[in-house]
Structure formats: C-alpha cells, structure tokens
Amino acid sequence: MSYKSILLNVDIDGPIGPITKIAIDLARRSEARLIGFCAADAPLPVTMAPEGAAIAAEVWQQLRDDIKKRFKDLHAEFDSLVAGSVATEWREALDNPNHALVVTSRIADLIITGAAQGASSGDSYRTVDPGTLALRAGRPLLIASSGTEHAPTGRIVVAWKDTREARRAVADAVPLMAMADDVIVVTVGSDPDDRTTAGIKDVATFLATHGITARTEVLKADDEGDKLIDFLSSANADLIVSGAYGHSRIREWVFGGVTRSLLDDTRLCRFMSS
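Position labels on residues start from 1 in each chain and follow its written sequence. For this predicted model, a pLDDT threshold of at least 70 governs which residues receive local features, and a threshold of 80 or more governs which side-chain atom pairs are given and counted, while totals over whole chains, interfaces and linings are taken from all residues. With hydrogens and water excluded, all non-hydrogen atoms of the structure serve as input to the side-chain values.

If you look the chain up in an unreviewed UniProt entry, it shows as Universal stress protein family protein from Mesorhizobium qingshengii. Its UniProt record gives the chain the following Sequence similarities (unreviewed entry) comment, quoted word for word: "Belongs to the universal stress protein A family." UniProt positions are given in the numbering used here, feature names are shortened, and annotations may be inferred rather than shown by experiment.

If you want it as structure tokens, here you go:
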C-alpha cells in the first residue's frame, strides 16, 4: 500500500518552496506522480452607478489576467524545484480554490496543502480552507506546518477516538506511518476504562499487520484538546493523524474542539480524513 498520485496545492500568494519540497520528498519515497495545482479567482467589483459597470468589468478582467500570469510564474517555479526528480503534472484553475481543489482531488491518493492562517481564514478567492477540504474532498489531507521542508515521518502520533473518521484516518495514513521512525497511538478521555485500552491496542495490532510498530498511551483529562496539544508538544511530534469531525453540514463547517485546535495550530503537520 502506498500513495501513487499526490496532489499538491500551492498558495497563489505565498512562497511555494517549502511545501513543494515536502511533496517532492514524499513523492520520491513513494514513487508517486506529483501533481502541482493552484486555483484562484477575483471577485467582481461592486458598483451602484450604471456608468461604472464597464469600469468594474475592466478592473475584474485585469485582476483575472494578473492571476493567469501568476499561474505561469508558479508553474515555472514548480518545475524548477522538481527538476525532473519525480514524474509531475501541473494543473491550474481560474475558479474558487475550495471548489476547484475538491473537484481535482478525484485524481489523487493524497492531498498536500498549507494553512498559514489556520482554518476558515484568509481570502476565500485566493486561499483554500483546510477544514472545508478535509470534509469535502473524500481524500486524506496532509496540512503542512509553516516552514517544514521534509515529509513529516520522524515521530507520528495518532489521536485515536473510536469513530469512523479516526478509523479512516489510520488506514489512510498507513503509507506515512510505514516510513516513520516512531509511531504513538494516544487517546484522551475524562474516564478511560478497559474498553479504552482495548481500543488503542486494536489500533496497534492493525498497524502491526502492516509492519508498523506502535506504542500506546491512554491519557486522562477533562479537556481533551488541551491535553492532546500538550502531549504533542512534549512528544516532539512531527505529524498528528486524526479524523476530521464536523458537527454542521448546512453552509459552514463547524468543527469540534479538538479538530478546530489542530486546524488552527500552524506549528503542526496534520493528517486528516473524514
């Protein structure tokens, strides 16, 4: 089991070097095809005066032309960074970034993106919201921390919760954990019992069938999110694997406390499935 197609989302405004190097590293080690992708659009300027409509349309077209020019520059930079080290493809879309990336995700085993400002922040015309992506793409999502340039396969921590989303995340992350130096399965609860212990032992057994040795930790705490973040810090985790838990599917994705904390902590590399 491995990733054979990796979709890398690059931010139209930010530096793409660090996250592209992560994707190249992982694609090389997985012998995967790397697909560089960028999407952005410009809002149509609002004008109340009829005579302003033509000017607004001209400004809008200029903004979109600037985006197209930026696509060309990013494509060239992406090709320069890859330099033939892995098989690649480039795609771009003059469209809403969330929608365009969700549609394009059908081609990939794994999506890699950044989130410099955390979840649900930034310009929606130019920035992907990782929370929306985690719940809509139907593919596992690796959210890179700021400045990281290598695949986060040193110490991987699985934040276990006995849910469908967590089970999906563990299975999806097997190729990454197979590369790791150390894997820890941790669960946090206000009143852990024998069932809790049996649950994470089953996860470790599942991983063992894939040749992955994992340690287990059961932590007692009323505040699950704070305890988990503290544990990740003390363990010097390179990557946290978790399910993405959304509590509202009406218009905006509203996350539970732990998922929100992980999405907003830009110091962490996060791997999420839903």
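We are not done yet, so read on.
A. Quick look at the overall build of the chain. When helices and strands are counted, the chain shows nine helices and 12 strands. Only protein chains enter the calculation, and the probe is 1.4 Å; a residue is then buried if its accessible area is under 20% of its type maximum, exposed if over 50%, and partly exposed in between. Split into buried and exposed, the 274 residues of the chain put 50% on the buried side. In the chain, 80% of the contacts between residues at least 6 apart in sequence involve partners at least 24 apart. Summed over all atoms, the accessible surface of the chain reaches about 13,000 Å², with 48% contributed by carbon and sulfur. Secondary structure counts use DSSP, requiring at least four H or I residues in a row for a helix and at least two E residues in a row for a strand, with both numbered from the N terminus. Note on definitions: a residue-residue contact is assigned when non-hydrogen atoms from the two residues lie within 4.5 Å. Values of accessible area rely on a 1.4 Å probe in the Shrake-Rupley scheme; residue burial ignores everything except the protein chains shown.

B. Looking closely at helix α3 (residues 97-104). Across the eight residues of α3, six count as buried, placing the element largely inside the fold. Considered for burial, the residues of α3 that qualify are Pro97, Asn98, Ala100, Leu101, Val102 and Thr104. Polar contact is defined as a pair of N or O atoms within 3.5 Å, subject to the rule that within protein one atom must be able to donate a hydrogen and the other to accept it, and that residues adjacent in sequence are counted only when both atoms are side-chain atoms. Structurally, the start of α3 carries an N-cap: the backbone nitrogen of Asn98 is 3.0 Å from a side-chain oxygen of Asn96.

C. Seen up close, the sheet that holds strand β4 (residues 110-114). Pairing between two strands requires that DSSP report at least two bridges joining them. Spatially, the 10 strands line up as an open sheet ordered β3-β2-β1-β4-β5-β12-β9-β6-β7-β8, and their pairing is mixed. In this open sheet, the two strands that pair with only one neighbour each are β3 (88-94) and β8 (214-220). Averaged over all adjacent pairs, the angle separating strand axes in this sheet is 20°, with direction ignored. Sheet topology places strand β6 (residues 155-159) next to strand β9 (residues 239-243); three bridges connect them, and they run parallel. Along β9, the bridge assignment pairs Val157 with Ile240. Every axis corresponds to a line fitted to the C-alpha atoms, with the helix fit spanning only the stretch in contact, and the corresponding angles, defined between N-to-C directions, vary from 0 to 180 degrees. Each of β1 (5-9), β2 (33-40) and β3 touches helix α2 (residues 53-82); the most contacted strand, β3, lies at about 165° to it.

D. Up close: α2. Between its first and last C-alpha, α2 extends 43 Å over 30 residues, near the 44 Å set by a 1.5 Å rise per residue. Inspection of α2 places Ala56, Arg64, Ile67, Phe71, Leu74, Phe78 and Val82 among the buried residues, and these make up the whole buried set. In this structure, the buried side of α2 is in contact with β1, α1 (17-30), β2 and β3. After α2 finishes, the residue Ala83 shows a positive phi value of roughly 50°. By definition here, a helix of n residues has an expected span of 1.5 Å times n minus one.

E. Here's a closer look at the environment of Val241. By the secondary structure assignment, Val241 is in strand β9. Residue classification places Val241 among the buried residues on the basis of a relative accessible area of 1%. Once the C-alpha coordinates of Val241 and Val185 are considered, the two residues, 56 residues apart in sequence, prove to be 9.2 Å apart. Apart from residues no more than four positions distant in its own chain, Val241 is found in contact with Ile156, Val157, Val158, Ala159, Ala169, Val170, Ala173 and Phe271.

F. Region of the structure containing the pairing of β9. Within β9, five of the five residues are buried, which leaves the element mostly enclosed by the surrounding structure. For β9 and strand β12 (residues 270-273), the ladder comprises four bridges, and the chain directions are parallel. Pairing of Val241 across the sheet is with Phe271, part of β12.

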